[in-house]
Each structure stands twice: as C-alpha cells, then as structure tokens.
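Residue-level structure breakdown
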Amino acid sequence: MADHRLATAVANTSQLATLSKAINAAGLTNRLNTAKDITFLAPANQAFPSGSRQLAKLLKDKTQLTRVLEYHVIIGKKTPTELTSGPLKTLQGGTITAKGSGDHIVISGRAKVLCGNIVTKNATVYIIDRTLQPRSRS
C-alpha cells in the first residue's frame, strides 16, 4: 500500500473491495487520493452487510454515502498512540474517539481495529470491522 495514494491502495486491496465500490459511488476517489496527511478508518468487507438492501440504498444516496465515508477520515496522519490520545476531528465535521493500545484498539466503542498503522503515500490506514455512523444532524 505504501507505493500508492489512499483510494488507489484501497482499490488494490481485496479485503477492502466493498469500501472501494463505496468510494467510487460517492465520487471520492480523487479527493482521497489528493488529500494530504489523513488517517482513514477503512471498513473491511465484513463491515458491510452483504446483499443488504441497506447497503444498496446507501450506495445510491451519494450525499449520505459521502457523509458516512468522510466520517471515516481523520484529519492528520495518526500513529496508534496519537489515535487513542483524545477526540479526533473527522473530515465530515464530527469527532470520534479511540481507546486501547497495541492490537486492542476500539473506535467509538464499537469498531475494532483489525490491522493498523498501514502507510500509503498520503495517509495512514486502520482497517476496522464495522462501519461508523455519524450522528444525525438536527
């Protein structure tokens, strides 16, 4: 992954195929490839319910899909220690938290980091086992 920019690295990783499809559907490929110094919480394929109507509906709603995907992008490249050091601002405008250390980091109390601190040309990636949902806007 280190030789590629974020969206390209995701597209070349089989365990992130559903995420790659979502990035393309949202039209975020160029934005993620040109972003500087970000951290991406990348939901693995199993984080998306396969054959789900919910997923199909989300893939057709570009506005909501973009909002959800941008919630997985943290401003700044974060090491595991920095990831768990406090609230983190997302590209979507919300905040998330991460707790734990080593192989036991949990994002927002729900998503477990399966593999992390993966370097791409413009981002640090942490593969997670669930999708994160931003809070609804009032």
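Moving on, we come to the packing of helix α4 (residues 53–60) against helix α5 (residues 62–71). It is the contact of α4 with α5, at a shortest axis distance of 5 Å, that shows an interaxial angle of 100°. Judged by the angle between their axes, α4 and α5 are roughly perpendicular. Facing α4, whose interface residues are Leu58, Leu59 and Lys60, α5 presents Lys62, Gln64, Leu65 and Val68. Of the residues in the contact of α4 with α5, the class split is four nonpolar, one polar and two charged.

Turning next to the packing of helix α2 (residues 17–26) against α5. As a packed pair, α2 and α5 sit with axes 9 Å apart at the nearest point and diverge in direction by 125°. Considering the angle they form, α2 stands oblique to α5. When the axes of α2 and α5 are compared, the crossing they make is left-handed. Of the residues in α5, those in contact with Leu19, Ala22, Ile23, Ala25 and Ala26 of α2 are Lys62, Leu65, Thr66 and Leu69.

A few words on the pattern of salt bridges. Using the criterion set out here, one finds one salt bridge in the structure. Note that arginine 31 and glutamate 70 form a salt bridge whose closest N and O atoms lie 2.3 Å from each other. On the criterion of sequence distance, the pair formed by arginine 31 in helix α3 (residues 29–34) and glutamate 70 in helix α5 is long-range, its members being 39 residues apart.

Once that is clear, we can look at a positive patch on the surface. A surface patch of positive charge is lined by Arg5, Lys36, Lys77 and Lys121. Here lysine 121 shows up in the loop between β7 (111–119) and β8 (123–128).

This paragraph deals with unusual backbone geometry. Positive phi is not limited to glycine here, since serine 108 has a value of about 50°. A relative accessible area of 30% means that serine 108 is categorised as partly exposed. In the Ramachandran plot, asparagine 117 falls in the positive-phi region, its phi being about 60° despite a non-glycine side chain. If you trace the backbone, asparagine 117 turns up in strand β7. You can call asparagine 117 partly exposed: its relative accessible area is 38%.

About the cut-offs
- Residues numbered from 1 in each chain as written.
- Predicted model: local features only at pLDDT ≥ 70, side-chain atom pairs only at ≥ 80, totals over all residues.
- Heavy atoms only, no water.
- Axes fitted to C-alpha atoms, helices over the stretch in contact; angles between N-to-C directions.
- Helix = DSSP H or I, 4+ residues; strand = E, 2+ residues; numbered from the N terminus.
- Parallel < 35°, antiparallel > 145°, perpendicular 65-115°, else oblique.
- Contact = heavy atoms within 4.5 Å.
- Nonpolar A, V, L, I, M, F, W, Y, C, P; charged D, E, K, R; others polar.
- Left-handed = near helix turned anticlockwise from the far one by under 90°.
- Salt bridge = Lys/Arg side-chain N within 4 Å of Asp/Glu carboxyl O.
- Patch = residues over 30% accessible without salt bridge, like charges linked within 9 Å, V, L, I, M, F, W, Y side chains within 5 Å.
- Areas by Shrake-Rupley, 256 points an atom, 1.4 Å probe, with all protein chains shown as cover.
- Lys, Arg positive; Asp, Glu negative; His and termini not counted.
- Charge placed at Lys NZ, Arg CZ, Asp CG, Glu CD.
- Buried < 20%, exposed > 50% of the residue type's maximum accessible area, 1.4 Å probe, protein only.

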